[in-house]
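Each chain is listed here by its residues.
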Amino acid sequence: MTRLAPTSPADPEAAGTAGDPPADSRTPAGWWHAKWVVPSALAVGYVLNVLFRISLVTKQDYPTVSPDEQMYLVMARVLAGLPTTEIPRNQVIPGGYSLLISPALRITQDPVHAYHLIMGINALISCLVLLVAYWGMRRLKVSRPVSYVVACAVVLVPPVVFYSQFAMADTPLPVLVLSWLIGLHGLLSEGTRKRRVRFGLLAAFAAGYCLLTHDRGGVIVMLTGLVLLVTLALRWAPRIAALLALGLLAVMFAVKQLMTAWLISRIDGAKPSEVGNIVLQTLVDTGLMRRTLMRTVGHLWYFMTSTWGLGALALVVCAYAVLSSRFTRADRVVAFVAVALLGGIALAAAAGLPADRRIDTIVYARYLSLLVPVYLLVAAATLYRLRSRRKLLALGGAAAGLTLALTAVLLHMAGEEFGRSWFIVWGLPDATFLSSLWAEDWGSFHPARTTAVALIALAAVLLVRLLGGVRRTALAAGAAGVAMALFAVWGTVAITDNITKPFAQARYADATGFIEDAGIRPGERLVMDADVHWKIRATMAYEVLDGRVWTRSLIEGQTPPAGADVALLALTDPQAAPTESWRNAPAGWHVDRDIRERQYVIWRRD
């Protein structure tokens, strides 16, 4: 096994790497040494990827993933200085992502225009993966052309693109995690004190902003604190670098607490997120141990298949690196935290997700998606740096064996659960693409078929690499990267056409369609009865952007807020008069619209 990270004491990215031709080479690859080529290529690639992402979401006018998107959007609304309103589920979640998209709500208070701007911000953030992935590949001592090709492939893979098509915190997490690991690696690598201080601060800031963005950041912060404390105790890096990184990590933790407290104080009825408590309670509940283990296996299985088996190959390499003295300390520590983070998030997600009888709760795609770029980079660097065909075949066999073992355990533990659970296609985009079964029913989820297609993709990538032999390693690795990029584009476009777009169209009536049917005017304040469909109630928290909303048990006698001028109530009896929707309506309210086909009635204050 060859080393997968640089050993140069000064500047691993600037130093010549294996496979890079001399600076005066007349070969096409030699042009990559000209100072203007890499910045220009990265700039062009970044712009093209931004335009590609925007083209995928041109018809998305409103949030569709309830209540997650609306929770982030309500917090962004408050951070943008707009009037407060209620928040779905009455819980404040980490607001770091909401802070990033809040400028869109300062520019316009039209909910459609604002959502378009947010999709543009998402594209700008998500495509940063291209730049950081290129940096990561260079730190893994991969040549410039191959690094660029692989970075282009990674920024296009469905797990990176799909979640950026919604107003969700999963958009910035992949680039933050990549930056975090590069920072840790730089801190622990040889170099000047100033340089290692900068890397340490990068690692601490990225870890802290992960915590500021999502609860998964808690696992990252714990791992970062552990590494920094060990580094300080064993003097793996200059003390000043470790101390400054620990200090910044503490500051970021304090900022997260202060932001949460500030948001709670400004949002009606809000309280802190209860995810952490639920995770701890579940982990100590012996009666739920089997369920937690089953879900952990399911999440890991999904990760391996959604990375087409390359994630399993990278996991094998990382595990070997942790145990082998042939790797540098920086390699071994970063490999350890990458493996620990994969297992830690899978376990925490398995414990924290509710018992909602959904298949995607057992094999959830979303929570491990932030690690997809990292593992793909490690796999690509392995294909580039490893010269032995025998070892490549052994690694491929180990990756396939690990994926098949997870499939077998999952089917054994969850086979009956799958038969009793709902198939929600949005929660299983990669598995749906790999199996090419797009209908939202039980027969569309086929773990064995998904595994088989993922392993075929792995075999194809390995075959392309093996055809290059020993002498044409760079060319073969680059060709494998091109194959990955083409497969990634195919998957991303297919998932967008078959999941993202139909998903949005199906929820038109709960968002913009409701605003139009109900005749909600700018600046109006809407109170909704608790019996109204929860998706409408969640979406209105954002859609009524220049007004505000409340939820009250109106039919049970609760008084509408004094500031409310529009009320929404359900009419479950299609034969009843519209006034039956609110029999005890206070004086001064009258029926404005009877939307019989949607089974609700709009009331207005005189």
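This is a predicted model, so every value here is computed, not measured.

Draft legend 1. Spatial organisation of the overall build of the chain. The helix and strand tally for the chain stands at 23 helices and seven strands. The C-alpha atoms of the chain give a radius of gyration of 26 Å, which matches the 25 Å a tight globule of 606 residues would have. Here the chain holds 606 residues, and 58% of them are scored as buried. In the form shown here, the chain has an accessible surface area of approximately 23900 Å², with 63% of it arising from carbon and sulfur atoms. The positive charge centre, built from 56 side chains, and the negative charge centre, built from 40, are 17 Å apart in the chain.

Draft legend 2. The arrangement of the packing of aromatic side chains in detail. With the rule as written, the count across this model stands at 25 aromatic pairs. Ring centres of Tyr364 and Tyr367 lie 5.1 Å apart, and the angle between their planes is 85°; this geometry places the pair in the edge-to-face category. Clustering of aromatic rings is evident, with ring pairs tying together Phe162, Tyr163, Phe166, Trp426 and Phe503. The cationic tip of Arg387 hangs over the ring face of Tyr384; the distance from NZ or CZ to the ring centre is 6.0 Å.

Draft legend 3. How the structure looks around the pairing of strand β7 (residues 600-605). Taken across its six residues, β7 has five buried, putting it largely inside the fold. With five bridges joining them, strand β5 (residues 566-570) and β7 adopt antiparallel strand pairing. Bridging across to β7, Leu569 finds its partner in Val601. Note: strand β6 (residues 589-595) against β7, six bridges, orientation antiparallel. Its bridge partner being in β7, Trp589 is matched across the sheet by Arg605. Between β6 and β7, which follow one another and run antiparallel, lie four residues, and Gln599 among them has a positive phi close to 60°.

Draft legend 4. Examining the pattern of salt bridges more closely. Per the counting criterion, the structure on display carries 17 salt bridges. Between Arg366 and Asp170 there is a salt bridge whose closest N-O contact spans 2.7 Å. One end of the pair, Arg366, is in the loop between α16 (359-362) and α17 (372-385); the other, Asp170, is in the loop between α7 (158-162) and α8 (173-188), and 196 residues separate them in sequence. Classification of Arg366 as buried rests on a relative accessible area of 3%. Arg521 is the partner of Glu524 in a salt bridge, and the nearest nitrogen-oxygen pair spans 3.0 Å.

Draft legend 5. Expanded view of the packing of helix α9 (residues 193-213) against helix α10 (residues 217-234). Close contact between α9 and α10 brings their axes to 7 Å; oriented N to C, the two are set at 155°. Comparing their axes, α10 and α9 come out roughly antiparallel. Remark: the crossing between α9 and α10 carries left-handed chirality. Residues Ala207, Gly208, Cys210 and Leu211 of α9 form the contact with α10, whose own contacting residues are Gly217, Gly218, Ile220, Val221 and Thr224. Of the residues in the contact of α9 with α10, the class split is five nonpolar, four polar and no charged.

Draft legend 6. Representation of the side chain of Lys256 within the structure. Structurally, Lys256 is set in helix α11 (residues 239-266). In this structure, Lys256 is buried with no salt-bridge partner, the nearest side chain bearing the opposite charge being Asp215 at 4.9 Å. Non-local contacts of Lys256, meaning those with residues more than four positions away in its chain, are made with Pro94, Leu211 and Leu212.

Draft legend 7. Broad picture of a nonpolar patch on the surface. Together, Val44, Val47, Leu48 and Leu51 line one region of the surface with nonpolar side chains, adding up to about 370 Å² of accessible area. Inspection of the secondary structure puts Val47 in helix α1 (residues 37-56).

Draft legend 8. Molecular detail of the confidence of the model for the chain. Within the chain, residue pLDDT values average 92, and 95% of them lie at 70 or more. When mean pLDDT is compared element by element in the chain, α8 scores highest at 98, while helix α12 (residues 275-283) scores lowest at 87. Segment residues 1-19 is flagged for pLDDT under 50; beyond a separation of four residues in sequence, or across chains, it makes 63 contacts in the model. Across residues 22-26 the pLDDT falls below 50, and counting only partners more than four positions away or on other chains, this stretch makes four contacts in the model.

Here is what the cut-offs are and how they apply
- Residues numbered from 1 in each chain as written.
- Predicted model: local features only at pLDDT ≥ 70, side-chain atom pairs only at ≥ 80, totals over all residues.
- Heavy atoms only, no water.
- Helix = DSSP H or I, 4+ residues; strand = E, 2+ residues; numbered from the N terminus.
- Rg over C-alpha atoms; globule rule 2.2 N^0.38 Å.
- Buried < 20%, exposed > 50% of the residue type's maximum accessible area, 1.4 Å probe, protein only.
- Areas by Shrake-Rupley, 256 points an atom, 1.4 Å probe, with all protein chains shown as cover.
- Lys, Arg positive; Asp, Glu negative; His and termini not counted.
- Charge placed at Lys NZ, Arg CZ, Asp CG, Glu CD.
- Phe/Tyr/Trp six-rings, centres within 6.5 Å; stacked < 30°, edge-to-face > 60°.
- Lys NZ or Arg CZ within 6 Å of the ring centre and 35° of its normal.
- Pairing = 2+ DSSP bridges.
- Salt bridge = Lys/Arg side-chain N within 4 Å of Asp/Glu carboxyl O.
- Axes fitted to C-alpha atoms, helices over the stretch in contact; angles between N-to-C directions.
- Parallel < 35°, antiparallel > 145°, perpendicular 65-115°, else oblique.
- Left-handed = near helix turned anticlockwise from the far one by under 90°.
- Contact = heavy atoms within 4.5 Å.
- Nonpolar A, V, L, I, M, F, W, Y, C, P; charged D, E, K, R; others polar.
- Patch = residues over 30% accessible without salt bridge, like charges linked within 9 Å, V, L, I, M, F, W, Y side chains within 5 Å.
- pLDDT = per-residue confidence, 0-100.

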